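Residue strings, one per chain:
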Amino acid sequence: MAKYEVNLKINNIPVTVEEGSTILDAAKKLNFRVPTLCQHPDLCVAGNCRVCVVEQKGAKALPAACATPVSEGMEIFTNSQKVRTARTHIIELLLSEHNSECTSCYKNGKCELQALANEYRVNENLFIKLVDKNTYTIDNFSPAIIKDDSKCIRCQRCVRTCASMQFVSALAVSHKGDKQKISTFFDKSMNDVVCTNCGQCVNRCPTGALVEKNYIDQVWDAVNNPKIHVVVQTAPSVRIGLGEDLGLEPGNRVTGKMVSALKRIGFDSVLDTDFSADLTIMEEGTELLTRLKKALVDKDETVALPMTTSCSPGWIKFIEHKYPSLLPNVSTCKSPQQMFGALAKTFYAQKKGLKVENMISVSIMPCTAKKYEADRPEMRSSGFKDVDYVLTTRELAMMIRQAGICFEDLPNEKYDSIMGESSGAAVIFGATGGVMEAALRTAYEIVTGREVPFANLDIVPVRGFEGIKEAKVLIKDVLPEWGFLEGAELSCAIAHGLANANKLMAAVVSGEVNYHFIEIMACPGGCLGGGGQPIPTSPEIRAKRMEAIYEEDANMAIRKSHENPEITAIYAEFLGKPNGHKSHELLHTHYVKRKGY
Amino acid sequence: MKDKKLTKVDLIFENDGTCATTVLDKVRAMAQDDVIMEMIDSGLKGRGGAGFPTGLKWKFTKAENSFDKYIVCNADEGEPGTFKDREILDTVPEKVFVGMTIAGYSVGAKIGYLYIRAEYNFLLKKLNQKLDAFNVKIKDKGFDFTIEIRSGAGAYICGEESALFESIEGKRGEPRNKPPYPTVAGLFGKPTAINNVETLVYATMIMKYGAASFKLMGTQDSRGSKVFSVSGDTPNAGIYELELGMTVEDFVNDFGDGDTKAVQVGGASGICVPRKKFADMIIGYEGVPTGGSMMLFNSTRSMYNVLKDYLEFFAEESCGQCTPCRIGCQQLLQGIEAVKRGEKHPSYLDSLKKLAETMKLSAKCGLGQSVANPFSSIVDNFREEIIY
Ligand SMILES: Cc1cc2nc3c(=O)[nH]c(=O)nc-3n(C[C@H](O)[C@H](O)[C@H](O)COP(=O)(O)O)c2cc1C
Ligand code: SF4
Ligand code: SF4
Ligand code: SF4
Ligand code: SF4
Ligand code: FES
């Protein structure tokens, strides 16, 4: 439907925008920045912080630019004296309610409230400090997320994120007036409610009220301890996000510089989660084919199909709470992070002649849910934690700054061996649809002996930001041992963001849809939009990250997981065959039914 | 324009028993637009506080192209010192239902909700009985309209129209952004005409007696009469229907105890009129508008305590979502306390007045916007009482 155009003036300059645009959009078009706090490009309009108020000629009140649609002939002033007074008051009010301890705050230098206070040079003492008068709590019981109400400005970005993007609603507004706050169910710890630890709220919190629990000091202690051998693994999408936190534009691939920085920080061995992503494809692909065989050939009706992926720990926690009856449908494969950790303390330790008790395994992840995952009691295959510390992309950036490393000027270096080799199929794990694409590249070839029938191996239908995607692959001319799949059409679906995941699973439960294989990533865009990735995030930023991921894949010499030589080697030397005895011991796991609140 | 004298009126509580039938039959025979024209012509403005012309509200709602439209009767009555809607619902509920039916007929709505404050639940049994019979009666008369009752969430803010919609929709009662206005996107996102209880009864009476006779009462800006809830230092506390346009002095002469130093017009969110302004201040849109609460204070009252009570009320009853109101209310309250204790210089009151002005300009809804009314009018007129 064609949209009407609306003409208005902002600070006396005429501008034409589409009907339905906000004053904020129109101002942006003229390069006038109006400050915002509760507004976020991923979320619906709230209009509650009021820092974006502007003056409208002829109107008594000051409309909120983010929440007010333009109208014909409107005349707006974004920085009149009336506006400045109101805006300064509003910032001062926020600070009067705020525990402003910037020097000891995790968000120091990266906080939207602090930036506004700085910009408006507010006199913090104009109003009475309310902080001491109100009682605030800090919830640091979760291994992943810290919630500090004394830093909260009640913008409700987290609430909207958790409800609309994630369909979890672990956070909600409670009480009114001076007691209003952001609460969990009965004010329990984030660790004891339906929170999936996805960290999407952390990505959108403008202040230090929601942050990841950081393990930076513990990791420094480990790397600086000569008696400890510290291995570090880096997840696929860290290499395309990290640069943003170190001054580069979104979409920069910094794989070589990142490896170089990790070596300079002092990790004893810098390895790649991409290796275990390839391994995941072998294990999960085999698991899928086995389930299909049981269902189709053995007519075993107890086989749970569709099978869903299991590499996103936010998704695992979600399904444990919301669809516990579907847990048999989840692949038993551990996530690549945990597979890697388990192998680091077994296979790798043996090969390098290391005592496991003298090892620390660290992972760099785009994800906060991985912190929770690493803490699960199931994840101790060697008798020790598979992964000791999980750092987000942001924490790594902080370590790089602390180490005084000038990141932009670093040379490109290569991952160490062993468990440092990977394929393009592993890199794309970082984007929604990537696991599906990687799995298809391998499974199709195992079954037919031929490459997937897509130009350059690019399975385009599974790519992109569509909330729920579908793909069907006809399997023809199969190798003799896969005869039962001849002529079958493999039906797949992909969802990213838990609200989409929920929609898809609801359709599965109701029987509306029928799939064999489903990929789910808890975060928007997949891991590239993970809760541990650099802040800010927006659809545009995530699109740039996605481009970078597919570039990285296209530039890899090896593009299929089963062709990664280290994968062939580890099966030959150590694991035996996919889904074999050893794999089950180290690389697979089980799930826990949880309550729906 | 001080020509109006205090005149008692008996429209709202007039109970002739046949009113519903005659009015409904009359309306049924009229075109929708003619009903709306009659309402516009009468000059009736909303009696819930904001004073928006009722006929225009209905006209806008009718103009929207939507299959679903709603009528909502706002009976949340949470303004401190106001208790007239309770009395209306208790004594003449059918006239409220008739008003809703007229509104529904004019705008093309099939469902009407009566949102009644939780504290009035004791009325529910009686109301429901009457309503069941009424719903049958209007069907028989050919109206495609049904009224349902919804019980309130027990918060003052749920009387604000968009928060009220959220509450009926089962959500937390938080005001929405405007625009869109209710006439465009109200309850369940559909065009909605929301009116106060008293407004709807006046609609009934206007359809009974005609706009022309209604217009004879009141002034140019404030047509007709209005129900007042009179409380405070008065020997005559209670509910009175009075013609609009009298001065505060007129009112005080009748209702004061001889020692009145101030009248708070319009409840906690209204304006405090001091004695020196009694003679000039007209009760109506040209002077002090009111949702109906008239609270009289005599010289034994501490205006500091009055203001403090109001601010405590707002600090607690603000929904808390927007910055100017949530924190502003707390600052105003703690600010006057600090001045009283001598911890802040009396000039801090002027900073607070500027803050109240910011709240008026930038708060998201009428609650935060109106705190400046009592604050500035009390601080300006009773500064010494606040400081010493
Ligand atoms: C904080 C707040 C509380 C309100 N409470 C009520 C109320 O209890 N009853 C009411 O009729 N209107 C109340 N209003 C006004 C309504 O928002 C709305 O304007 C009114 O219901 C419209 O009806 P009217 O045009 O008939 O007055 C309140 C407004 C605000 C801002
Ligand atoms: S949240 Fe922001 S303003 Fe508050 S203490 Fe932290 S850095 Fe400072
Ligand atoms: S981490 Fe995810 S699930 Fe938990 S509160 Fe935040 S957005 Fe909700
Ligand atoms: S926790 Fe953060 S995102 Fe949530 S309301 Fe508070 S400041 Fe906003
Ligand atoms: S002005 Fe007050 S009541 Fe209204 S939206 Fe803001 S906080 Fe809520
Ligand atoms: S950014 Fe507009 S009200 Fe918060």
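Everything numeric here is computed off the predicted structure, so don't read it as measured data. (Residues numbered from 1 in each chain as written. Chains lettered and ligands numbered in written order. Predicted model: local features only at pLDDT ≥ 70, side-chain atom pairs only at ≥ 80, totals over all residues. Heavy atoms only, no water.)

A. A look at the site of ligand 1. All names here are of chain B. Neighbouring ligand 1 are 20 residues; Gly48, Lys57, Asn74, Asn196 and Thr199 lie closest to it. Within the backbone of Glu77, one N or O atom sits 3.0 Å away from an oxygen atom of ligand 1. Between ligand 1 and Asn196 there is a distance of 2.7 Å, counted from an oxygen atom to a side-chain nitrogen or oxygen. Within the complex, 91% of the 600 Å² of free accessible area of ligand 1 lies under protein. Counting residues per element, the ones that place at least two in the shell around ligand 1 are strand 4 (192-196) and helix 14 (366-370). If one sorts the elements of the shell around ligand 1 by residue count, strand 4 sits on top with three residues. (Near = heavy atom within 4 Å. Polar contact = N/O pair within 3.5 Å; in protein donor to acceptor, adjacent residues only side chain to side chain. Areas by Shrake-Rupley, 256 points an atom, 1.4 Å probe, with all protein chains shown as cover. Helix = DSSP H or I, 4+ residues; strand = E, 2+ residues; numbered from the N terminus.)

B. Fine view of the domain arrangement of chain A. All names here are of chain A. What the domain assignment reports for chain A is domain 1 (5-79), domain 2 (94-212), domain 3 (225-275 + 337-409) and domain 4 (283-333 + 427-586). One C-alpha centre belongs to domain 2, the other to domain 3, and the line joining them spans 28 Å. In this assembly, 13 residues from domain 2 lie in contact with 11 residues from domain 3. Overall, the association of domain 2 and domain 3 removes approximately 930 Å² of surface from exposure, summing both partners, and the carbon and sulfur fraction of that is 54%. Counting the contacts that link domain 2 with domain 3 gives two salt bridges. (Domains from an automatic or database assignment. Contact = heavy atoms within 4.5 Å. Buried area = accessible area lost by both parts, 1.4 Å probe. Salt bridge = Lys/Arg side-chain N within 4 Å of Asp/Glu carboxyl O.)

C. A look at the environment of Glu385 of chain B. All names here are of chain B. The residue Glu385 is located in helix 16 (residues 383-387) in this model. Given a relative accessible area of 23%, Glu385 falls into the partly exposed group. In the structure, Glu385 is positioned 290 residues away from Lys95 in sequence and 45 Å away in space, judged by C-alpha atoms. Residues within four places of Glu385 in sequence aside, it is in contact with Lys261, Arg301, Ser302, Met303, Tyr304 and Lys340. There is a polar contact of 2.8 Å between the side chain of Glu385 and the side chain of Lys261. (Buried < 20%, exposed > 50% of the residue type's maximum accessible area, 1.4 Å probe, protein only.)

D. View of the domain arrangement of chain B. All names here are of chain B. Segmenting chain B into domains produces domain 1 (19-214) and domain 2 (303-387). Each of domain 1 and domain 2 has a C-alpha centre, and the two are 33 Å apart. Each partner contributes residues to the interface: domain 1 has 12 residues there, and domain 2 has eight residues. Carbon and sulfur atoms supply 66% of the area that domain 1 and domain 2 bury against each other, a total of about 850 Å² over both sides. Per-residue buried area on domain 1 facing domain 2 is highest for Tyr156, Ile157 and Pro175; these three make up 52% of the total on that side. Seen at the junction of domain 1 and domain 2, the total is zero salt bridges. Where domain 1 touches domain 2, the interface holds three residue pairs in polar contact (both at pLDDT 80 or more).

E. Up close: the sheet that holds strand 10 (residues 229-234) of chain A. Residues and elements named next belong to chain A. With parallel pairing, the four strands of this open sheet are ordered in space as 11-10-13-14. With partners counted over all chains shown, the strands left at the sheet margins are strand 11 (269-272) and strand 14 (389-392), one partner each. The sheet shows a mean angle of 25° between the axes of neighbouring strands, taken without regard to direction. In this structure, strand 10 lies alongside strand 11, joined through four bridges in parallel fashion. Bridge pairing in strand 11 places Val231 opposite Ser269. The strands that helix 11 (residues 336-352) touches are strand 10, strand 11, strand 13 (359-365) and strand 14; relative to strand 13, the one it contacts most, it runs at about 155°. Seen against the sheet, helix 13 (residues 393-402) touches strand 13 and strand 14 and runs at an angle of roughly 85° to strand 14. (Pairing = 2+ DSSP bridges. Axes fitted to C-alpha atoms, helices over the stretch in contact; angles between N-to-C directions.)

F. Up close: the environment of Ser96 of chain A. Within the secondary structure, Ser96 of chain A sits in helix 2 (residues 81-96). Spatially, the C-alpha atoms of Ser96 of chain A and Asp388 of chain A are 40 Å apart, while their sequence positions differ by 292 residues. Filtering out sequence-adjacent residues up to four positions away, Ser96 of chain A remains in contact with Phe127, Ile128, Lys129, Leu130 and Val131 of chain A together with Ile327 and Gln331 of chain B. Here Leu93 of chain A takes part through its backbone oxygen, which lies 2.7 Å from a polar atom of the side chain of Ser96 of chain A.

G. Just the pattern of salt bridges, in detail. Residue and element names in this part refer to chain A. Considering all chains together, one arrives at 68 salt bridges over all chains under this definition. A salt bridge links Arg463 to Asp458, with the nearest nitrogen and oxygen atoms 3.1 Å apart. Via salt bridges that share partners, Glu437, Arg441, Asp458, Arg463, Asp553 and Arg559 belong to a single interconnected network.

H. Representation of the interface of chain A and chain B. Chain A puts 39 residues into the contact, and the matching count from chain B is 32 residues. Of the roughly 2800 Å² buried where chain A meets chain B, counting both sides, 55% is carbon and sulfur surface. Linking chain A with chain B are two salt bridges, by the criterion used here. Salt-bridge contacts for Glu97 of chain A lead to Arg326 of chain B; the nearest nitrogen and oxygen are separated by 2.8 Å. At the level of secondary structure, the elements contributing two or more residues to the side of chain A that touches chain B comprise helix 2 and strand 7 (172-174) of chain A. Broken down by element, the side of chain A that touches chain B gets its largest block of residues, eight residues, from helix 2 of chain A. By residue class, the composition of the side of chain A that touches chain B is 18 nonpolar, 13 polar and eight charged. (Nonpolar A, V, L, I, M, F, W, Y, C, P; charged D, E, K, R; others polar.)

I. Looking closely at the packing of helix 4 (residues 84-91) of chain B against helix 8 (residues 197-209) of chain B. Residue and element names in this part refer to chain B. Closest axis-to-axis distance for the helix 4/helix 8 pair is 9 Å, and the angle between their directions is 50°. Comparing the axis directions of helix 4 and helix 8 gives the class oblique. Contacts between helix 4 and helix 8 involve Lys84, Asp85, Ile88 and Leu89 from the former and Val197, Glu198 and Val201 from the latter. Grouping the amino acids of the contact of helix 4 with helix 8 by side-chain chemistry returns four nonpolar, no polar and three charged. (Parallel < 35°, antiparallel > 145°, perpendicular 65-115°, else oblique.)

J. Spotlight on the pairing of strand 10 of chain A. Residue and element names in this part refer to chain A. With six of six residues buried, strand 10 is to be regarded as a mostly interior element. Neither face of strand 10 is exposed, since His229, Val231 and Gln233 on one face and Val230, Val232 and Thr234 on the opposite face are all buried. In this sheet, strand 13 lies alongside strand 10 in parallel orientation, the contact comprising six bridges. In the sheet register, Val231 faces strand 13, and the bridge partner there is Ser361.

K. Looking closely at the side chain of Lys45 of chain B. All names here are of chain B. Among the secondary structure elements, Lys45 is positioned in the loop between helix 2 (32-42) and helix 3 (54-63). The buried charged residue Lys45 lacks any salt bridge partner; its closest oppositely charged side chain belongs to Asp221, at an N-O distance of 5.0 Å. Engagement of the side chain of Lys45 in a polar contact is seen with the backbone oxygen of Asp221, the distance being 3.0 Å. Beyond its immediate stretch of four places on either side in the chain, Lys45 contacts Gly51, Phe52, Pro53, Thr54, Asp221 and Tyr285. (Lys, Arg positive; Asp, Glu negative; His and termini not counted.)

L. Focus on the packing of aromatic side chains. Evaluated as defined, the whole model comprises 16 aromatic pairs over all chains. Consider the rings of Phe52 of chain B and Phe60 of chain B, whose centres lie 6.4 Å apart with planes at 50°: the pair is tilted. Put simply, the rings of Phe185, Phe186 and Tyr597 of chain A touch in pairs and so form one group of aromatic residues. The ring of Phe143 of chain B has Arg28 of chain B lying over it, and the distance from NZ or CZ to the ring centre is 5.5 Å. Residue placement shows Arg117 of chain B over the ring face of Tyr120 of chain B; its charged tip is 5.5 Å from the ring centre. (Phe/Tyr/Trp six-rings, centres within 6.5 Å; stacked < 30°, edge-to-face > 60°. Lys NZ or Arg CZ within 6 Å of the ring centre and 35° of its normal.)

M. The side chain of Gln156 of chain A, seen in detail. Relative to the elements of secondary structure, Gln156 of chain A occurs in the loop between strand 6 (145-148) and helix 4 (157-165). On the basis of relative accessible area, Gln156 of chain A is assigned to the buried category, the value being 9%. In terms of polar contacts, Gln156 of chain A uses its side chain to reach the side chain of Glu174 of chain B, at 3.3 Å. Setting aside residues up to four positions removed in sequence, Gln156 of chain A forms contacts with Asn48, Val173, Gln180 and Ile182 of chain A together with Glu174 and Gln321 of chain B.

N. Here's a closer look at helix 3 of chain B. Residue and element names in this part refer to chain B. For helix 3, the set of buried residues is Thr54, Gly55, Lys57, Trp58 and Thr61. Down the axis of helix 3, the sector holding all buried residues measures 160°, keeping them to one side. Lining the buried residues of helix 3 we find helix 2, helix 5 (93-107), helix 7 (161-168), strand 4 and helix 8. (Arc of directions from axis to C-beta.)

O. Representation of the confidence of the model for chain B. This prediction gives chain B a mean pLDDT of 96; 99% of its residues lie at or above 70. Taken together, the chains of this predicted complex give a pTM of 0.96 and an interface ipTM of 0.95. (pLDDT = per-residue confidence, 0-100.)

P. Representation of the pairing of strand 17 (residues 517-521) of chain A in the model. Residue and element names in this part refer to chain A. With five of its five residues buried, strand 17 lies for the most part within the structure. On strand 17, burial covers both faces: Phe517, Glu519 and Met521 on one face and Ile518 and Ile520 on the other are all buried. Bridge analysis of strand 12 (residues 307-308) against strand 17 gives two bridges, and the strand direction is parallel. Bridged to Thr308 within strand 17 is Ile518. Pairing of strand 16 (residues 489-496) with strand 17, which is carried by five bridges, proceeds in the parallel orientation. Looking at the pairing, Ala495 lines up with Ile520 of strand 17. With helix 16 (residues 498-510) bridging strand 16 and its parallel neighbour strand 17, the resulting β-α-β unit is right-handed. (Right-handed = clockwise from strand over helix to strand, strands pointing away.)

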